[in-house]
Amino acid sequence: MSTLVYMKILEQTPAKYDRGMRILTLGRVDRIKREIASVWIQPGNAVLEIGCGSGSLAALMTNRGAQVVGIDVSEPMLSVARTSAPDAEFLHMTATEIGMLGSDRFDRIVATLSLSELSEDEQRYVLRATRGLLKPNGKLIVADEVRPDAWWQRIPFYCVRLPLAAVTLLLTQNTTHALRLLDSRLAAAGFRVASAERYLLGTLALVVAERA
Amino acid sequence: MMWNLLKDIWFLFGRLFPFPTKPGLRRVGNPGRSSPVLVTANFELTVRTVMETLERDGIDAWLLVAPTKGVNVWCAGGAGDFTADTVVSILKTSGIENLVDHRRLILPQLSASGVNIWSLKERTEWKPRFGPAHVKDLSAYLRNGKSRTEREHRHLKFNLKDRFVMGTNLGFNVALLLILPLLLASVWLPGLLWGTLALLFVFSVLCSVLAFWLPGKPGVQKGLSLGILGAAVFVVFTEVTGPPDPWHLIGWTGWIMVISAFVGYDMPSWSPLWRQDATELILGVKNTHVEILPEKCIGCHLCDIVCPADLFAYDSAAKKYAVVNLDACQACGACIENCPTEAIVNNFRSGVCSCPTCAVINGVGALTRKGSERKPSEEVAATVP
């Protein structure tokens, strides 16, 4: 019986994940998604979304008139995404497999709270692969938790993140890992940062990069 | 060396907690272009054991340490953190395809509850196969090549040393689980805390070590058998040491039974032999059903290869498999994940871990499957209590 109770409490659902991310970012993640869709996506853009989750951003982007391909490794997430953004195309695929989608194909590649789910090697590999997938004037848009590089900047980072992470964990049993060294990894993969905004004392970033 | 010793002490108690090591490619010995390619989880103990064993046996190999969130092979497989996706990812990022001329890939057998080998074949040019369950059989497997016939490599054992180590881990984790309520209760009942912690730990080790000899079914029954033994020792001891306070005697005897039942309930989670199902552990009634639909079975052997419990038998006349040893089923779901024709029906959610302590301590969704799920067959579910 207790096992059943535990399973019920700890069961991961797409809705619970979304709730967790909202708490963790104090609702900022939804605003960032709206900003991405309204500022950085143009009607007619071919967009790849890496780690589309429940498809909330894909829905905003298809409403803007973009052609969206979303990938994720979670079938439960993908099935929700297919309902929330019926005009987008969704594929079960790891981020390391995006190379097979072609080359110079997308105007925008978007990754919100997904790069940080990957190991460091995977991040490097995926960033290089995105560069090959983007059209020459395309843009890579990354919104994620970031850990500051300098130790003294990490003090406010942990002050903001630890309580939020604890509450998120307690309420939804979800957690994330902050990205490290995003700027230098982007540079190593052949990108230059065109625009960068930081939120919540610099713990959350929206970075737009172009092929260097 | 010192660092490894400290880690080993930690693994005596805290094996349940993820302990990540950097994912990526490791060279074992001096591997060349024809050396075998193995995959494992990025749990520190696993990676170190695999490397040490192969190096000791003088085997050169490439080891791909997959990003499984620092969780061991079996748990990560069950939790959906060691899947075909994980293997695809490490194959791509490691660059192994440029280092060898062949495409043979050896997976740990226990990853089969998460890794769908057909998906892996479809998505990569590699030819994956499941190796032995235990690291100690790995060198022999690599030297002799095949192991489909070596059935003993595929079935899990629970020897004395394993039972002791799992017992200490069980003790540490149940103590951790109960420390907060015990601290609160000790405000009103001083003396409860240390006595209970000691009992939890001793009973855990004993329950695990004596697992095969305690009377009753695995679960609460075996726990209570141990409790009766413990209570008898306690009563004799208090009678010998002086005139007992009757309330003290009754209280602690009852408490010993409660603790032993609790420990007994959790012990099977720490064994590789028994399923963690509440009905089975509390009532001792078998609640697991697996069946192969003969019209769908194509006799591909994969269910037999991945099963750690020797559930299946091959009918060579019909060229099909059937379930012959249902009692041993642990509901790991490896056969269901890997059956290419969906010929296996079952009455549990496959690929879902349900160790009670683990689910609480590791809460972070690590132990509830996030990947694909197969629903239990409704027909079969209806026929089982």
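Note that the structure is predicted; figures quoted are calculated from it, not measured.

**Overview of the overall build of chain B**
Right, on to step 1. Across its full length, chain B holds 15 helices and nine strands.
Right, on to step 2. Per-residue burial for chain B yields a buried fraction of 56% across its 385 residues.
Right, on to step 3. A separation threshold of at least 6 residues defines the contact pool for chain B, and within that pool the share at least 24 residues apart is 72%.
Right, on to step 4. Counting only carbon and sulfur atoms, one obtains 65% of the accessible surface of chain B, whose full area is about 17100 Å².

**Here we look at the overall build of chain A**
Right, on to step 1. The helix and strand inventory of chain A stands at eight helices and seven strands.
Right, on to step 2. In terms of overall size, chain A behaves like a compact globule, its C-alpha atoms giving a radius of gyration of 17 Å where 212 residues would be expected to give roughly 17 Å.
Right, on to step 3. By the burial criterion, 54% of the 212 residues in chain A qualify as buried.
Right, on to step 4. Each charge sign in chain A was given a centre, from 25 positive and 22 negative side chains, and these centres are 4 Å apart.

**Observations regarding the sheet that holds strand E4 (residues 106-112) of chain A**
All names here are of chain A.
Right, on to step 1. Spatial strand order, E3-E2-E1-E4-E5-E7-E6: seven strands in an open sheet with mixed pairing. Strands with a single pairing partner mark the edges of an open sheet, and in this sheet they are strand E3 (89-92) and strand E6 (191-199). On average, each strand axis in the sheet is tilted by 15 degrees relative to the strand beside it, whichever way the strands run.
Right, on to step 2. Where E4 meets strand E5 (residues 134-145), six bridges bridge the pair, whose relative direction is parallel. When the bridges of E5 are listed, Phe106 appears paired with Leu134.
Right, on to step 3. In the packing of helix H6 (residues 120-133) onto the sheet, the strands contacted are strand E1 (46-50), E4, E5, E6 and strand E7 (204-211), and the crossing angle to E5 comes to about 145 degrees.

**Observations regarding the pattern of salt bridges**
All names here are of chain A.
Right, on to step 1. Scanning all chains against the criterion turns up 19 salt bridges over all chains.
Right, on to step 2. Note that Lys135 is salt-bridged to Asp107, the shortest N-O span being 3.3 Å. Taken as a pair, Lys135 in strand E5 and Asp107 in strand E4 lie far apart in primary sequence, 28 residues in all.
Right, on to step 3. Residue classification places Asp107 among the buried residues on the basis of a relative accessible area of 14%.

**Structural notes on a nonpolar patch on the surface**
All names here are of chain B.
Right, on to step 1. Together, Met2, Trp3, Leu5, Leu6 and Ile9 make up a nonpolar patch on the protein surface, roughly 560 Å² of accessible area in all.
Right, on to step 2. Residue position: Trp3 is located in helix H1 (residues 2-13).
Right, on to step 3. The exposed category is assigned to Trp3, whose relative accessible area is 57%.

**Remarks on the packing of aromatic side chains**
All names here are of chain B.
Right, on to step 1. All told, the structure shown has ten aromatic pairs over all chains when counted by the stated rule.
Right, on to step 2. For the ring pair Phe158 and Trp274, a centre distance of 6.4 Å and an interplane angle of 85 degrees mean the geometry is edge-to-face. Taken together, the residues span a long stretch of sequence, with Phe158 in the loop between helix H6 (138-144) and helix H7 (160-188) and Trp274 in the loop between helix H10 (246-266) and helix H11 (278-283) at a distance of 116 residues.
Right, on to step 3. The buried category is assigned to Phe158, whose relative accessible area is 6%.
Right, on to step 4. The exposure class of Trp274 is buried, given its relative accessible area of 18%.
Right, on to step 5. Seen in terms of ring centroids, Tyr314 and Tyr321 are 4.8 Å apart; in terms of plane orientation they differ by 45 degrees. Their pairing is tilted.
Right, on to step 6. On the basis of relative accessible area, Tyr321 is assigned to the buried category, the value being 7%.
Right, on to step 7. An aromatic cluster of at least three residues, connected via ring pairs, comprises Trp10, Phe13, Phe17, Phe172 and Phe201.

**Observations concerning the packing of helix H8 (residues 192-209) of chain B against H10 of chain B**
Residues and elements named next belong to chain B.
Right, on to step 1. The N-to-C vectors of H8 and H10 enclose an angle of 45 degrees; their axes lie 9 Å apart at closest approach. Judged by the inter-axis angle, H8 sits oblique to H10. Crossing angle aside, the handedness with which H8 passes H10 is right-handed. On the side of H8, the interface is formed by Leu192, Gly195, Thr196, Leu199, Leu200, Phe203, Ser204 and Cys207, while H10 contributes Trp252, Trp255, Ile256, Ile259, Ser260, Phe262, Val263 and Gly264.
Right, on to step 2. Each residue belonging to the contact of H8 with H10 can be placed in one class, and the counts come to eleven nonpolar, five polar and no charged.

**Section: helix H3 (residues 28-40) of chain A**
Residue and element names in this part refer to chain A.
Right, on to step 1. In this model, H3 (13 residues) spans 17 Å end to end at C-alpha, consistent with the 18 Å of a helix rising 1.5 Å per residue.
Right, on to step 2. Where H3 is concerned, the buried positions are Val29, Ile32, Lys33, Glu35, Ile36, Ala37 and Trp40.
Right, on to step 3. Elements that come into contact with the buried residues of H3 comprise helix H2 (14-24), helix H4 (56-63), E4, E5, E6 and E7.

**Details of the packing of H1 of chain B against H7 of chain B**
Residues and elements named next belong to chain B.
Right, on to step 1. Two elements in contact, H1 and H7, have axes whose closest approach is 6 Å; the angle formed by their N-to-C orientations is 70 degrees. One way to sum up the angle between H1 and H7 is to call them roughly perpendicular. Residues Trp10, Phe11, Leu12 and Phe13 of H1 form the contact with H7, whose own contacting residues are Val165, Thr168, Asn169, Phe172 and Asn173.
Right, on to step 2. Residues of the contact of H1 with H7, tallied by class, amount to six nonpolar, three polar and no charged.

**Regarding the domain arrangement of chain B**
Residues and elements named next belong to chain B.
Right, on to step 1. As far as domains go, chain B holds domain 1 (1-156 + 284-385) and domain 2 (160-271).
Right, on to step 2. Taken together, the two surfaces of domain 1 and domain 2 that pack against each other cover about 1300 Å², and 68% of this comes from carbon and sulfur.
Right, on to step 3. Linking domain 1 with domain 2 are zero salt bridges.
Right, on to step 4. The interface formed by domain 1 and domain 2 includes seven residue pairs in polar contact (both at pLDDT 80 or more).
Right, on to step 5. Counting only elements with at least two residues in the side of domain 1 that touches domain 2, the list comes to H1 and helix H14 (356-361).
Right, on to step 6. Across the side of domain 1 that touches domain 2, the residue classes tally to ten nonpolar, three polar and one charged.

**Details of the nonpolar core**
Right, on to step 1. If you look at the biggest cluster of nonpolar residues, it comprises 50 residues, and the most contacted ones within it are Val87, Leu105 and Leu107 of chain B.
Right, on to step 2. Ranked by residue count, the leading element in this core is helix H4 (residues 84-94) of chain B, at five residues.
Right, on to step 3. Not counting chain neighbours up to four residues away, the residues in contact with Leu107 of chain B comprise Val39, Val87, Val115, Ile117, Leu120, Pro128, Arg129, Phe130 and Gly131 of chain B.
Right, on to step 4. Of all hydrophobic cores here, the second largest spans 29 residues; its members include Ile71, Leu101, Phe106 and Ala209 of chain A.

What counts and how
Residues numbered from 1 in each chain as written. Chains lettered and ligands numbered in written order. Predicted model: local features only at pLDDT ≥ 70, side-chain atom pairs only at ≥ 80, totals over all residues. Heavy atoms only, no water. Helix = DSSP H or I, 4+ residues; strand = E, 2+ residues; numbered from the N terminus. Buried < 20%, exposed > 50% of the residue type's maximum accessible area, 1.4 Å probe, protein only. Contact = heavy atoms within 4.5 Å. Areas by Shrake-Rupley, 256 points an atom, 1.4 Å probe, with all protein chains shown as cover. Rg over C-alpha atoms; globule rule 2.2 N^0.38 Å. Lys, Arg positive; Asp, Glu negative; His and termini not counted. Charge placed at Lys NZ, Arg CZ, Asp CG, Glu CD. Pairing = 2+ DSSP bridges. Axes fitted to C-alpha atoms, helices over the stretch in contact; angles between N-to-C directions. Salt bridge = Lys/Arg side-chain N within 4 Å of Asp/Glu carboxyl O. Patch = residues over 30% accessible without salt bridge, like charges linked within 9 Å, V, L, I, M, F, W, Y side chains within 5 Å. Phe/Tyr/Trp six-rings, centres within 6.5 Å; stacked < 30°, edge-to-face > 60°. Parallel < 35°, antiparallel > 145°, perpendicular 65-115°, else oblique. Left-handed = near helix turned anticlockwise from the far one by under 90°. Nonpolar A, V, L, I, M, F, W, Y, C, P; charged D, E, K, R; others polar. Expected span 1.5 Å × (residues − 1). Domains from an automatic or database assignment. Buried area = accessible area lost by both parts, 1.4 Å probe. Polar contact = N/O pair within 3.5 Å; in protein donor to acceptor, adjacent residues only side chain to side chain. Core = buried A, V, L, I, M, F, W, Y, C linked by side-chain atoms within 4.5 Å.

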